[in-house]
Amino acid sequence: GQSLEQPSEVTAVEGAIVQINCTYQTSGFYGLSWYQQHDGGAPTFLSYNALDGLEETGRFSSFLSRSDSYGYLLLQELQMKDSASYFCAVGVYNTDKLIFGTGTRLQVFP
Amino acid sequence: EAGVTQFPSHSVIEKGQTVTLRCDPISGHDNLYWYRRVMGKEIKFLLHFVKESKQDESGMPNNRFLAERTGGTYSTLKVQPAELEDSGVYFCASSHATRGGYGYEQYFGPGTRLTVT
């Protein structure tokens, strides 16, 4: 089967660093994406890793280890506006569908 | 550039009724996807269009769901007859024909919240 696991909730304070982990068991794994969703809004693409290593985009970084079936999203210099749900999603070889995790709700406190 | 739009934003219908959801993808995007999120669970893939053709409909739950994409532009998802378990948020997404890899960046709409009573 296909499954992705991520923590259901994470809390942090403004200015801090938080890491959201994602482990996956999927056949035909091609790449790992991260999406952000504010309440009532559209999921928004943040990053994509197809190769092992770290990808950095501003305050957000994403890491992938294919051998460990593991990735994480790192958010630095947290701001209140980062409070949202974060989803990891697997791209499967030879298809275009995304397989999503259940999401991690991040709450940032002042 | 306008984003993916979906209509309606909310729909409340009774069991047994019919509902049609509409999605307008980003102009020029050949790929169009439907997903849904039920009761706070994971977002699940329903189907994928390339232009007007169904590329993958492996996620469609049953034959009460019918998706169309006339002329390769907007898409509709009809649920007929609706059941209680169909309640959830239905998302549409689109992407370029040329991508950075399988499952690369998809642009999502805000979703249609469907409540079946």
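Attention here is on the structure that accompanies the text. (Residues numbered from 1 in each chain as written. Chains lettered and ligands numbered in written order. Predicted model: local features only at pLDDT ≥ 70, side-chain atom pairs only at ≥ 80, totals over all residues. Heavy atoms only, no water.)

Our next topic: the interface of chain A and chain B. The partner chain B presents 23 residues to the 22 residues of chain A that form the contact. A buried area of about 1,900 Å², summed over both sides, lies between chain A and chain B, and 60% of it is on carbon and sulfur atoms. Counting the surface chain A buries against chain B, the share from its top three residues, D96, K97 and F100 of chain A, is 31%. Across the contact surface, chain A and chain B share zero salt bridges. Tallying contributions element by element places strand β4 (residues 29-37) of chain A first for the side of chain A that touches chain B, with four residues. (Contact = heavy atoms within 4.5 Å. Buried area = accessible area lost by both parts, 1.4 Å probe. Salt bridge = Lys/Arg side-chain N within 4 Å of Asp/Glu carboxyl O. Helix = DSSP H or I, 4+ residues; strand = E, 2+ residues; numbered from the N terminus.)

Residues and elements named next belong to chain A. Mapped onto the elements of the fold, Q36 is located in strand β4. Each C-alpha atom of the pair Q36 and G103 lies 9.2 Å from the other, and the pair is 67 residues apart in sequence. If sequence neighbours within four positions are ignored, Q36 has contacts with A42, P43, T44, L46, F60, D82, A84, S85 and Y86. Among the polar contacts made by the side chain of Q36, one reaches the side chain of Y86 at a distance of 2.9 Å. (Polar contact = N/O pair within 3.5 Å; in protein donor to acceptor, adjacent residues only side chain to side chain.)

Residue and element names in this part refer to chain B. Only one face of strand β7 (residues 65-68) is covered, namely the one carrying F65 and A67; the face carrying L66 and E68 has none of its residues buried. The sheet contact formed by β7 and strand β8 (residues 75-79) spans four bridges and is antiparallel. Its bridge partner being in β8, A67 is matched across the sheet by L77. Hairpin connection of β7 to β8: six residues between the antiparallel strands, including G71 at a positive phi of 70°. (Buried < 20%, exposed > 50% of the residue type's maximum accessible area, 1.4 Å probe, protein only. Pairing = 2+ DSSP bridges.)

To continue, consider unusual backbone geometry. Residue P8 of chain B is reached from F7 of chain B by a cis peptide bond, and omega for that bond is -5°. Within the fold, P8 of chain B resides in the loop between β1 (5-7) and β2 (10-13). Omega for the bond connecting Q80 of chain B with P81 of chain B falls within 30 degrees of zero, at -10°, which places this linkage in the cis form. For N94 of chain A, which is not glycine, the phi dihedral falls at a positive 70°. Tracing the backbone shows N94 of chain A in the loop between β9 (84-92) and β10 (98-100).

Applying the stated rule across the entire model yields two disulfides over all chains. Disulfide partner of C22 of chain A: C88 of chain A, at an S-S distance of 2.2 Å. Linking C22 of chain A and C88 of chain A, the disulfide has an S-S dihedral of approximately 75° and is accordingly described as right-handed. Taken together, the residues C22 of chain A in strand β3 (residues 18-25) and C88 of chain A in strand β9 connect sequence positions 66 residues apart. Per residue, the accessibility class of C22 of chain A equals that of C88 of chain A, and both read buried. For C23 of chain B, the disulfide goes to C92 of chain B, at an S-S distance of 1.8 Å. Residues C23 of chain B and C92 of chain B are joined through a disulfide that is left-handed, its torsion about the S-S bond being -60°. With C23 of chain B in strand β3 (residues 19-24) and C92 of chain B in strand β9 (residues 88-95), the pair connects residues that are 69 residues apart, well separated along the chain. Residue C23 of chain B is classed as buried on the basis of its relative accessible area, which comes to 0%. (Disulfide = S-S within 2.5 Å.)

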